[in-house]
Amino acid sequence: MTTELHEPFDLFIIGGGINGCGIARDAAGRGLKVALAEMSDLAAATSSASTKLFHGGLRYLEYFEVRLVREALMERETLLRAMPHISWPLRFVLPYHADMRFEGNTSVSRLLNTMMPWMKGRRPAWLIRLGLFVYDNLGGRQILPGTTTVDLTRDSVGLALKPKFLRAFEYSDCWIEDSRLVVLNARDAALRGARIMVRHKVVSAQREGGLWKVLVEDLESGVRSTFQARMLVNAGGPWVGDIIQNIVRINSSDAVRLVRGSHIVTRRLFDHDKCYFLQGQDGRIIFAIPYETDFTLIGTTDADHPDPAIPPVCTPEERDYLCRFASEYFRQPVTAEDIVWTYSGVRPLYDDGASSATAATRDYTLKVEDGDGTPLLNVFGGKITTYRRLAEAALAKIAPFFPGLPGKWTAGVALPGGDFAVDGVDRLIADLCAAYPFLSAPWARRLIRAYGSEAGAVLGAAGTAAVLGLDFGATLTAREVDWLMAEEFARRAADVVWRRNKLGLRMTAPQIAALDDWMMARRAEVQLAAAG
Ligand SMILES: Cc1cc2nc3c(=O)[nH]c(=O)nc-3n(C[C@H](O)[C@H](O)[C@H](O)COP(=O)(O)OP(=O)(O)OC[C@H]3O[C@@H](n4cnc5c(N)ncnc54)[C@H](O)[C@@H]3O)c2cc1C
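Residues numbered from 1 in each chain as written. Predicted model: local features only at pLDDT ≥ 70, side-chain atom pairs only at ≥ 80, totals over all residues. Heavy atoms only, no water.

(A) Up close: the layout of surface pockets. In this structure, the second largest pocket encloses a volume near 1100 Å³. Lining of the second largest pocket is provided by 37 residues; of these, W88, E292, T293, R445 and R449 occupy positions nearest its centre. When contributions to the lining of the second largest pocket are tallied by element, the ones reaching two or more residues are β5 (87-96), α5 (178-191), β14 (285-291), α9 (425-435), α10 (441-451) and α13 (493-500). Taken together, the residues of the lining of the second largest pocket sort by class into 14 nonpolar, six polar and 17 charged. (1 Å grid on protein atoms, 1.4 Å probe; cavity = no way out; pocket = protein on both sides within 12 Å on 5 of 7 lines; lining within 4 Å. Points joined across faces, edges and corners; volume = space filled by probe spheres on them. Helix = DSSP H or I, 4+ residues; strand = E, 2+ residues; numbered from the N terminus. Nonpolar A, V, L, I, M, F, W, Y, C, P; charged D, E, K, R; others polar.)

(B) Geometry of the pattern of salt bridges. If you walk through the whole model with that rule in mind, you get 43 salt bridges. In this structure, the salt-bridge partner of R199 is D495, at a minimum N-O distance of 2.6 Å. Note that R199 is positioned in the loop between β8 (195-198) and β9 (200-208) and D495 in helix α13, a separation of 296 residues in sequence. For R199, a relative accessible area of 14% translates into the label buried. On the basis of relative accessible area, D495 is assigned to the buried category, the value being 0%. The closest approach of N and O atoms between R522 and D482, which form a salt bridge, is 2.8 Å. Note that R522 is positioned in helix α14 (residues 509-531) and D482 in helix α12 (residues 478-487), a separation of 40 residues in sequence. (Salt bridge = Lys/Arg side-chain N within 4 Å of Asp/Glu carboxyl O. Buried < 20%, exposed > 50% of the residue type's maximum accessible area, 1.4 Å probe, protein only.)

(C) Examining empty space enclosed by the protein more closely. Within this structure, the stated rule accounts for two cavities of 30 Å³ or more. The space that makes up the second largest cavity amounts to roughly 30 Å³. Among the elements of the structure, α1 (18-29) and α8 (387-398) are those that each provide at least two residues to the lining of the second largest cavity. Residue classes in the lining of the second largest cavity are distributed as two nonpolar, three polar and three charged.

(D) Spatial organisation of the site of the ligand. Around the ligand, the surrounding shell holds 38 residues, and the nearest of these are E38, S47, L53, G382 and T385. Between the ligand and the protein, one listed contact pairs an oxygen atom with a backbone N or O atom of I18 at 3.2 Å. Between an oxygen atom of the ligand and a side-chain N or O atom of T385, the distance comes to 2.7 Å. Contact with the protein chains hides 98% of the accessible area of the ligand, taken as 1000 Å² for the molecule alone. Those elements that place two or more of their residues in the shell around the ligand are α1, β3 (34-38), β9, α6 (240-247), β12 (256-267) and β17 (339-350). Considering only residue class, the shell around the ligand consists of 15 nonpolar, 18 polar and five charged. (Near = heavy atom within 4 Å. Polar contact = N/O pair within 3.5 Å; in protein donor to acceptor, adjacent residues only side chain to side chain. Areas by Shrake-Rupley, 256 points an atom, 1.4 Å probe, with all protein chains shown as cover.)

Encoded structure:
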């Protein structure tokens, strides 16, 4: 059944991952009339399955991806300042050992094999130090400290490692709560006038009379609507190619390369707040990162993925590979029994014809198809780290179709809840505890890390925990879930416990099922009230 025909929007965006939501926020802030449709939850696909780093990507230097690394390095501190609740600096310990090898086909390894064949593919310490020197200085740093050398026989970060690791380098990058980043961009876009629709699938889009006619199905009600728009943005992530071929139905030589990456989460493996950057004998690297206080996050892998319709999962081979890799470093072997959760995502990389999944470019590519003044913008690749720059580049492509469009504005403008100093989290936590004395310290920290300066708005005028309503477990209350449904587009329990927070690691299956039932009933109640 097809119902209403809406007034034309300027931009219709397909995809509520970081790229779609980043573009929606930037465009809405410039005064464009924006609609965005996401067929699942915000960040349900790749943008909640990353390693969660705002980083330059040290290893991309080996592929001479200098433009990408420089842009990402410069971006880290801009982003940190705009969202100090969901992003924070991290130190990375890179243990050095003579066994370390380059991946065979990087630009640097080819150069080194020609110039210094006796190295037989080894990554010498001086080259790693040189790479870190470039990393420290390529993008400019004001907040993040530079590289240092660590004596692992004396420093506490050496305790968890095998005794053969004597020396390490330590450098800086940043953490980012990836799915909250997406949601806060969507929330900010909505506050600036964008229409954000979750569980709405774009079924077809065609040009007609100088406008796009976009057929959208509400997957909850089954109702179909047609939206009109002057320009269409395809930010479908892993589905970008599918959208070109089957939804917009145009011929295009641009293709996407789907590369799966999996992570394992174990009980906490070490007792400090630094991460490990581990180099394998196969030339790949993985990270081991302190995660959600009580856990360690280990990843990632690189494997070609055949089809976006196949949900990515961490295969037993990937699980064993990550356990084996980490066990090369840690005194205590990492085994499948240590794993409490796994997740997997698909990188939607621009297909540059690279031989291996690891070598395929991580840079983004934006392609505009003019279509006689009814343009389409296709988005390929990109990193979480470069999403804001990608959005600016997208708006530069969009601008010629909207004369008089204002210029860039997002650098230096905080995301919701992020309007406080980069080192101001402890102060906010103390203030929240003073205003709500019933909060435990971990509860207050969790709320500030999620909502920043908006945490008080989430709790409202509550004088006791009981006023916050039902307790679903792990400090999640009805008041907070109401906020997530009203302000952050959450519909189901999984949206809350895996993407608005990570309480799924602490809640039981019956608790999550009870939350889901409650949310369904609550939504029906709200819809009924709105109808009546
Ligand atoms: C394992 C892994 C680790 C990574 N680690 C990092 C990292 O540490 N740092 C970093 O900077 N980057 C990292 N990345 C890269 C980063 O995660 C991705 O580049 C980014 O999330 C891609 O976002 P996107 O918006 O393009 O895609 P997505 O997040 O996948 O969003 C696309 C959305 O489009 C929706 N959609 C598709 N078709 C339709 C339709 N017809 N109608 C409506 N909606 C539709 C989908 O449901 C999906 O939600 C990593 C990626 C992976 C896979």
